[in-house]
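Topology and contacts: notes
Below are the chains, spelled out letter by letter.
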Amino acid sequence: MAALVLALAACSALPARDRLVPVRVDHHVHVNSPAIRDFLPVYCKSVERYGGCDPAITAPLTPDDLLRAMDRAGVRRALVMSTGYLAESPMMVPQRADAAALLRAANDWTVNLARESGGRLGAFVAIDPLRPDALPEIMRWRGNPAVTGIKLHLTASGVNLRRDRDVAALKAVFHAAADARLAIMIHLRPASMDYGARDVQRFLADVLPAAGDTPVQIAHAGGWGGLDQATLSALGAFADAFDRHPGKFRHVWFDLADVWRDDSRPADKQALVALIRRIGLRHFLPASDWPFSGDLADYYSRRYPELPLTAAEWKILRSQVAPYAKR
């Protein structure tokens, strides 16, 4: 509480035009469970052929580290995404015989973390849509009040949105999550180097309708962190769909987790702002992808305001709380 008061006081000390509305909820953070933390050294060794792991993924961070980072940033609540999907990733070679058990253990730990946080953390359980345990794992959490939703990571799971059987599996997962009344958070960008509008159009036509009115959160504004032409192309396809069918996507949100960075081009930031305005600010959520975004206080006080939105727009965006993130 003291840290929140200090954060608010710091904002109040700024000239009125420069004051920052505190971010109430971070809609996208990670904390590795002990099961995944023990698994990561061998996983990161396996993915060296793809360039290796981000050092942040192996940092020995705990739930207390997250809560302290939130306090320093003045963030009241965060949605924690289980990283259990890493255990079942095809990037892991050879595959672990106990991969499904590791995923379940990571999900159990994340849900318990949320349960014991006094309302400060919400839990999304990890699902690998291409694995036979995907639908049973969703059903395992059906009706559990400590679970906010499911987390899907198409890159880590090796999903190809241009492969019919992968699309069918993803559609079945969306339907099962909707039936279980669990929100869906999806890292939509797969490993395809030419990812963009074509993939989003397939997702919109063949997968998203299976969610019905269930909330769907698109991670990283449709990308995978960072701002490039593929992310802008994907978000542009969403904007085109929103233009054609106003009101059809009330249940869809985009999180702005680690989207623009210090080295992002000004022209790309301007293009992102134009797309945010086309889609509508109410569809965008403050998020960080902590710990990958670095220090949370610096992220929200310095890097976030680098996006060229107006003060009024920032007030809306930083105050946004998705319905499934409320307590």
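Within an unreviewed UniProt entry, the label attached to the chain reads Amidohydrolase family protein, and the organism entered is Rhodanobacter sp. IGA1.0.

**A closer look at the overall build of the chain**
When helices and strands are tallied, the chain shows twelve helices and eight strands. Summarising its shape, the C-alpha atoms of the chain cover approximately 60 × 45 × 40 Å along the three principal directions. The buried share of the chain, taken over its 327 residues, is 56%. Relative to all contacts within the chain whose residues are 6 or more apart in sequence, the contacts with residues 24 or more apart total 81%. For the chain, the exposed surface amounts to about 13700 Å²; the carbon and sulfur share of it is 55%. Distance between charge centroids for the chain: 5 Å, based on 41 positive and 35 negative side chains.

**So, the UniProt feature "domain: Amidohydrolase-related" (unreviewed entry) in the chain**
The feature "domain: Amidohydrolase-related" (unreviewed entry), as annotated in UniProt, sits at residues 25-302 in this numbering. For residues 25-302, helix accounts for 41% and strand for 13%, while the C-alpha atoms at its two ends are 17 Å apart.

**Brief notes about unusual backbone geometry**
For the bond from Val-93 to Pro-94, the omega torsion is 0 degrees, close enough to zero to count as cis. Note that Pro-94 resides in the loop between strand E2 (77-81) and helix H4 (99-115). At the junction of Trp-290 and Pro-291, the peptide bond is cis and its omega measures out at 10 degrees in the coordinates. Residue placement: Pro-291 occurs in the loop between strand E8 (284-285) and helix H11 (296-303). Despite not being glycine, Arg-181 shows a phi value in the positive range, around 60 degrees. Relative accessible area serves as the criterion here: at 77%, Arg-181 is assigned to the exposed category. At Asp-258, a residue that is not glycine, the phi angle is positive and equals roughly 55 degrees. Residue placement: Asp-258 occurs in the loop between strand E7 (252-255) and helix H10 (266-279).

**Notes on helix H12 (residues 311-319)**
Every buried residue belonging to H12 is among Glu-313, Trp-314, Leu-317 and Arg-318, and all of these are buried. Taken down its axis, H12 places every buried residue within 120 degrees of arc, on the same side. Of the residues in H12, the exposed ones pointing more than 90 degrees away from the buried face are Ala-312 and Lys-315. Contacts from the buried residues of H12 go to H10, E8 and H11.

**Overview of the pairing of strand E5 (residues 183-187)**
A large share of E5 lies buried, amounting to five of its five residues. The side-chain alternation of E5 yields two buried faces, one formed by Ala-183, Met-185 and His-187 and the other by Ile-184 and Ile-186. Examined bridge by bridge, strand E4 (residues 147-153) and E5 share five bridges and lie parallel to one another. The residue bridging Leu-152 from the neighbouring strand is Ile-186, located in E5. Where E5 meets strand E6 (residues 216-218), three bridges bridge the pair, whose relative direction is parallel. Residue Ile-186 lies in a different strand from E6, and its bridge partner there is Ile-218. For the segment spanning E5, helix H8 (residues 197-206) and E6, crossover handedness is right-handed.

Cut-offs used in this document
- Residues numbered from 1 in each chain as written.
- Predicted model: local features only at pLDDT ≥ 70, side-chain atom pairs only at ≥ 80, totals over all residues.
- Heavy atoms only, no water.
- Helix = DSSP H or I, 4+ residues; strand = E, 2+ residues; numbered from the N terminus.
- Buried < 20%, exposed > 50% of the residue type's maximum accessible area, 1.4 Å probe, protein only.
- Contact = heavy atoms within 4.5 Å.
- Areas by Shrake-Rupley, 256 points an atom, 1.4 Å probe, with all protein chains shown as cover.
- Lys, Arg positive; Asp, Glu negative; His and termini not counted.
- Charge placed at Lys NZ, Arg CZ, Asp CG, Glu CD.
- UniProt positions renumbered as here; feature names shortened; annotations may be inferred.
- Arc of directions from axis to C-beta.
- Pairing = 2+ DSSP bridges.
- Right-handed = clockwise from strand over helix to strand, strands pointing away.

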